[in-house]
Every structure is written in C-alpha cells, then in structure tokens.
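Each chain, letter by letter, is given below.
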Amino acid sequence: MTSERYWGRALTVGLLLRDDMCTIGDQTTQVARKEFDTFTATDTNGLVAGFWPQSYAIIGTANRAIEGAKNLTNEDPTEVNKILAEAYFFRAFTYYNLVRLFGDIPYIDFVVNNVSEVNRIFKTKEADVYEKIIADLKFAKMHLPDRTSVNAKPSKATASAYLASVYLTIKNYQMAYNEAKYVIDNEGTFDLNLESDFQNLFKSDRALSLKEPLFTIDFNNLNVGADAGQGNDYLGFLTAIIGDNTYVPAGGFSVAVPSNKVFNTWNQRDYRRAVSFDTVYRAPSATAAPVSILTGPLPNPRAVNRAHIAKYSRFAGRTGANLRTSSNNYATMRYAEVLLIAAEALNEITPGTSEADGYINRVRARARNKAGVIINYPSNITAGLSQTDFRNAVIEERRLELAFEFVRWFDIKRLNIGVQVFGPNGLETQNFDPTKHYLLPFPGTEIAINPNLAPNNPF
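Because the structure is a prediction, the values reported are computed rather than measured.

1. Considerations on the overall build of the chain
For the chain, the helix and strand inventory stands at 17 helices and 10 strands. Taken over the C-alpha atoms alone, the chain extends approximately 65 × 50 × 45 Å along its principal axes. Within the span of the chain, comprising 459 residues, buried residues form 56% of the whole. Once local pairs closer than 6 in sequence are excluded, the contacts in the chain between residues at least 24 apart make up 68%. Entry remark: accessible area of the chain is about 18,200 Å², with carbon and sulfur atoms responsible for 51%.

2. Topic: the packing of aromatic side chains
The geometry of two aromatic rings is summed up by the distance between their centres and the angle between their planes. Within the structure shown, the criterion is met by 37 aromatic pairs. Taken together, a centroid distance of 5.1 Å and an interplanar angle of 80° make the contact between Phe263 and Phe277 edge-to-face. One end of the pair, Phe263, is in helix α10 (residues 260–265); the other, Phe277, is in strand β4 (residues 277–278), with 14 residues separating them in the sequence. For the pair Phe263 and Phe277, a shared accessibility class is recorded, and that class is buried. Looking at Arg9, its charged tip hangs above the ring of Tyr234, at a distance of 3.8 Å from the centre. For the cation-ring pair, Lys123 lies above Phe442, with the distance from its terminal atom to the ring centre recorded as 5.4 Å.

3. Brief notes about the pattern of salt bridges
Evaluated as defined, the whole model comprises 30 salt bridges. For the salt bridge of Glu212 with Arg334, the shortest nitrogen-to-oxygen distance reads 2.7 Å. With Glu212 in the loop between α8 (187–190) and β2 (213–218) and Arg334 in strand β8 (residues 329–334), the pair connects residues that are 122 residues apart, well separated along the chain. Summarising the burial analysis for this pair, Glu212 and Arg334 share the class buried. Note that Glu337 is salt-bridged to Arg398, the shortest N-O span being 3.2 Å. Placement of Glu337 in helix α12 (residues 335–349) and of Arg398 in helix α14 (residues 387–401) is noted, with a sequence separation of 61 residues between them.

4. Focus on unusual backbone geometry
Keep in mind that most residues, glycine aside, have a negative phi and that most peptide bonds are trans. Tyr377 connects to Pro378 through a cis peptide bond whose omega is 0°. Following the sequence through the fold, Pro378 ends up in the loop between β10 (373–374) and α14. Despite not being glycine, Ala371 has its phi angle at roughly 55°, a positive value. Locating Ala371 in the fold gives a position in the loop between β9 (369–370) and β10. The residue Asn416 is not glycine, and still its phi comes out positive at about 55°.

5. Comments concerning the side chain of Glu428
Relative to the assigned elements, Glu428 resides in the loop between α16 (418–421) and α17 (444–449). Only 3.4 Å separates the side chain of Glu428 from the side chain of Thr23, close enough to count as a polar contact. Here the side chain of Glu428 touches Gln430 through a polar contact of 2.7 Å, side chain to side chain. With residues up to four places along the chain from it excluded, the contact list for Glu428 reads Asp19, Asp20, Met21, Cys22, Thr23, Asp37, Ser259, Val421 and Phe422.

Cut-off values and rules
- Residues numbered from 1 in each chain as written.
- Predicted model: local features only at pLDDT ≥ 70, side-chain atom pairs only at ≥ 80, totals over all residues.
- Heavy atoms only, no water.
- Helix = DSSP H or I, 4+ residues; strand = E, 2+ residues; numbered from the N terminus.
- Buried < 20%, exposed > 50% of the residue type's maximum accessible area, 1.4 Å probe, protein only.
- Contact = heavy atoms within 4.5 Å.
- Areas by Shrake-Rupley, 256 points an atom, 1.4 Å probe, with all protein chains shown as cover.
- Phe/Tyr/Trp six-rings, centres within 6.5 Å; stacked < 30°, edge-to-face > 60°.
- Lys NZ or Arg CZ within 6 Å of the ring centre and 35° of its normal.
- Salt bridge = Lys/Arg side-chain N within 4 Å of Asp/Glu carboxyl O.
- Polar contact = N/O pair within 3.5 Å; in protein donor to acceptor, adjacent residues only side chain to side chain.

Below, the structure written as structure tokens:
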C-alpha cells in the first residue's frame, strides 16, 4: 500500500485531481495528471496504469494469506482468525477503492498460480462486488481485536467504520447508521476520540499517540529510491510550493493545488482553513524572508499564485529528496468521518433529530479549538433544519473537515453531483459528462490480454 504506485502517489494524486477542490498548478507536469483533472483520461492513462496493477498486487497478497491460513491446522483458531481478519480487511479496502472508481471489475478471491486462471475471467457486477466487500468486512469486524498497537493495523472499529461507509455509498442508510452508531457507542472500548487540536492530525511526530484515526497507511522514509518508489511518499512533494524552503529545502512541485475558489470561499475564521493551506514561501534559502504565494513574486517560473495544500508537507517529519519521502501516516478513516456518516445516514432515516445535530456539533466544537484557544467559529448547526438543508450542511462539513484527504471525489460520485460541482457556479469548472465521467476506463492492456473484460468504460 505504501508503493508509489498506490498511496504514495498514483492513486492519491489521481483522487485529488479528480475532485472539485484541486487542479493542476505546474502546467509542465505529466499529461496523465492533467487528464484526471480535465476528465480526458483514456485507456492509456499513466496513473491508472500504476494503481490498477498495484491494487491487484495488494489483493493477491491478501488472497495468499487467506489461502495460507488453511494450512495452520495446529494453531489456535482465534489467533488465526485475527490474522485472517486483517487480510479480509485489506482485500475489502482495496476493492472498495476499485469498485468506486471503475464500477464492474474483475473480482479475484483466489490465489493465482497460473496466469491462465485470470486471463479468462469476466467482470463482476458492481452490486455483487459490494456484497463481497461487505462479507469481508463483516468477517473482519467479528475477528479483529477491539484495539491495536498501531493504527496501521485494523481493529474491530475500523471494519465497522468501513461497513458504515460502504452502506452509505450504496444508500443503505439504516445499516450505515447502525455501524457508525456501533463505533460511537463503543468509543471507550475502542479507545477512540477526536484529537483536541486539528493540526495535530497532520503532524507526523504525533501520529502514534492519536486516538482519532481508525486506519492509517504509514510511511517511514526508509526506502528512498527502492523498487520504483516502494515506501516513498510523494504527496508532500507534489502538493507543496515549488522552490519553497519553509519546511524542507528545495520544497515541492506545485502539481496538485487547490482551486482558487476553494481558498477564497472558505471562511477565514475556520481554524481548519489555516491548517489545510500554505500561503507563504521562503526562497531561495531557508533564511529568506517569507513571501506571499498569493501575490508573489513567484519563487519559480512554474509556480502559481494560489494557496497550496499544507497537510502533507508542513509537518512531514523525516524527509528526503525534497519531499519525495516523508514520515507521514495517512488516516484513510478518522473518527470525525464516522460521526458525519452517522449524521448523514440518520438524517435520511429520521430527519430533524437532535442526535444528528450533535454529531456535527461535536466535529465543529473541535474545530473551534485553535491551538488551545477556543474561538467562536464554526457555530453549532441550526436546530430543526429540513432534511434537504441538513443534508447540504453535512456534505459541506465533510468537504471542509476532510479536505484533501481523498474522499471528496467519492462523495461527488455517490451523490451524483458532478454536473453541479463542475458547472459554472462550482468550485472548479470542468467539462463534466455524467454519462461517462463517474467511472474511469480500464487500462487498455487489460482488455487486450483478456477480451472478456470488454467493453471498456466509456471515455
């Protein structure tokens, strides 16, 4: 998962650029990234060519572990099931990303010992893939421990939180609420809580002490240059200000940058705004005076006058190769998201409850803690909102709370709001076609190898 082909760059940068909050800064960057941003990706797109095979490599490893467990006949079944549950979780996690990006996909749940075994398979219907993901997560929830020593290992709460997310995606709101409520009701058992200071969630040196992440993908800056980026985290490099020396000498590359409207419309009183964006740089040396990136002069001809993402570069820990490596631990699911899932799902079941209000208010209360100083923004949600107004409020809360954390595109897709958010009044105007742009095309090489996977998704 820490491969450059997966969470280290290919998948995560693609998700950033696909949504309405990020766009391309440095226009000399790879065409593959521009295609994700402008909805012009084809079956030869380089990002897909990276994370598609890496996804199936992760799945294959999980399948191998599941198959191997059958040989442990003399071991304690309880202990074996704990390890099996991890494999089931990782398989479900990976397929959950794939099915949301591609729809119907090849579903492989067996060990591949001969390539001919997979060269004749067909696509599995999207609905069936979701059922298999749910089954894996249910097994994981049953057998994983209540707590783990590190957040990179899933717990019972991790599996339940992902079940809540999956059910929300397929619009089974009652089950989404049930799973989220299970986590919330047992937060003491699972040792979960919201981190008091929002900034601490993005400080690599605080990662191991946090109680908010339910699952993290961890980088350690120990595998620089190994195996085409295995273990390398490029997110800081691709999102930080090019030429900036504020945190890391030589800075980043200004590739995935926030749309101007995202920065300009975010209320300046919101502490999460200050945590999420960088607006100054120091160049050409670490002793230079800070300069506003919004007004210039620009540090590099390829830089752009706009705020940059700060979450993955400001406190990236041990870094190297001007932010091509880091010690970042990426939370793929946080307790704050569980609270917002519960709020959204409950509103769809029973609108107008104080319980749903309370889940949003808890997230907002944390946002009012500005590095230990309690401020008065954002205020609690207005009680008694209509179902539509509450739905809009919780989706907006997700957009701000989880900004640049690789979930916004999935929200756009599941809510079917692409035309709205990419239109003239959206945060980023793009030529979005709902008949084809909610799904990515398979790599053309896959269909050439196995024609049973045709037809490809339209592009």
